[in-house]
Amino acid sequence: NYFREKITQVGFVNDEHIQFVAATGEPVYFSINCKMIYNKDGVPSHIEGSIRNINDRITNLQKLVIASEKIKESEEKFRSIYENMHDVYFMHELDGTLIDISPSAEKNFPTKRENLIGLNAKSFYSEPARFDELLSKILEDDFLNDQEVPFLTSQGEIIYFSISARLIYDSS
């Protein structure tokens, strides 16, 4: 018996988990705490302890592990979509400062995406006033749909994008 051996060797068991099977066939988990009690001659006389039902704790922990695995799978799936999409995803502050832009931007603007983050989106517009116009529209309607916009590459070439976007509100 594992517990008997451990108590004999160490003298106690602290928060050891044990699984039993209920009459329904479902596992039931308990935590055992016990110690060896010795008589006046120092000889083990009996074991004293307690057993506590920790089924909810173990069940919740198992659910948490499963949920964490699902989140990880979802993150990996999203990352794959994000890194392999052909369209350019972007997020910028209302003043135009780029917070994020997808790796696909590198195909249209010959620079690393890391170099684009922090720049002002307005600086890519071949007609900067168009940025202000679209910003006013999105602030009014909360979204844009299929707005054609000419952008300038670092080589001065004009490339056209169709912008669809929506306004995202923070918690405040």
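Here goes a summary of the coordinates provided. Small disclaimer: the values here were computed from a predicted structure and weren't measured.

## Here we look at the sheet that holds strand β2 (residues 27-38)
If you walk across this open sheet you meet the three strands as β1-β2-β3, and the pairing is antiparallel. Each edge of the open sheet carries a strand with a single partner, namely β1 (12-21) and β3 (44-53). Within the sheet, the average angular offset between the axes of one strand and its neighbour, ignoring direction, is 30 degrees. Strand contacts of helix α1 (residues 2-10): β1, β2 and β3, with the helix running at about 180 degrees to β1, the strand carrying the most contacts.

## Focus on the pairing of strand β5 (residues 98-101)
Both strand β4 (residues 90-92) and β5 contribute to a ladder of three bridges, which runs antiparallel. Bridge assignment links Met91 to a residue of β5, and that residue is Asp100. Hairpin remark: β4 followed by β5, antiparallel, with five residues in the connecting loop; positive phi at Gly96, about 105 degrees.

## A word on the environment of Gly96
With respect to the element layout, Gly96 can be found in the loop between β4 and β5. According to the relative accessible area criterion, Gly96 is buried, its value standing at 0%. Put simply, Gly96 and Leu119 are 23 residues apart on the chain and 8.0 Å apart in space, counted from C-alpha to C-alpha. Setting aside residues no more than four positions away along its own chain, Gly96 makes contact with Leu119, Asn120, Ala121 and Phe131.

## As for the pattern of salt bridges
Summed over the entire model, instances satisfying the criterion amount to nine salt bridges. For the salt bridge of Lys6 with Glu16, the shortest nitrogen-to-oxygen distance reads 2.6 Å. Of this pair, Lys6 sits in helix α1 while Glu16 sits in strand β1, placing them ten residues apart in sequence. Lys122 is paired through a salt bridge with Asp132; the nearest N and O atoms lie 3.0 Å apart. Here Lys122 is found in the loop between α4 (113-116) and α5 (128-141), whereas its partner Asp132 is found in helix α5, with ten residues between them in sequence. We classify Lys122 as partly exposed; its relative accessible area is 28%. One connected set of salt bridges, linked through shared partners, spans Asp15, Arg52 and Arg57.

## A short note on the packing of aromatic side chains
What the rule picks out here adds up to nine aromatic pairs. A network of ring pairs unites the aromatic residues Phe109, Phe124, Tyr125, Phe131, Phe151 and Phe161 as a single cluster.

## What to know about a negative patch on the surface
Taken together, the side chains of Glu69, Glu73, Glu75 and Glu76 make up a negatively charged region of the molecular surface. By secondary structure assignment, the location of Glu69 is in helix α2 (residues 55-84).

## Here's the deal with the pairing of β3
Looking at chain direction, β2 and β3 are connected through nine bridges and run antiparallel. Bridged to Ile32 within β3 is Ile51. The antiparallel hairpin formed by β2 and β3 contains five residues in its connecting segment, where Gly42 sits at a positive phi of about 80 degrees.

How each quantity is defined
Residues numbered from 1 in each chain as written. Predicted model: local features only at pLDDT ≥ 70, side-chain atom pairs only at ≥ 80, totals over all residues. Heavy atoms only, no water. Pairing = 2+ DSSP bridges. Helix = DSSP H or I, 4+ residues; strand = E, 2+ residues; numbered from the N terminus. Axes fitted to C-alpha atoms, helices over the stretch in contact; angles between N-to-C directions. Contact = heavy atoms within 4.5 Å. Buried < 20%, exposed > 50% of the residue type's maximum accessible area, 1.4 Å probe, protein only. Salt bridge = Lys/Arg side-chain N within 4 Å of Asp/Glu carboxyl O. Phe/Tyr/Trp six-rings, centres within 6.5 Å; stacked < 30°, edge-to-face > 60°. Patch = residues over 30% accessible without salt bridge, like charges linked within 9 Å, V, L, I, M, F, W, Y side chains within 5 Å. Areas by Shrake-Rupley, 256 points an atom, 1.4 Å probe, with all protein chains shown as cover. Lys, Arg positive; Asp, Glu negative; His and termini not counted. Charge placed at Lys NZ, Arg CZ, Asp CG, Glu CD.

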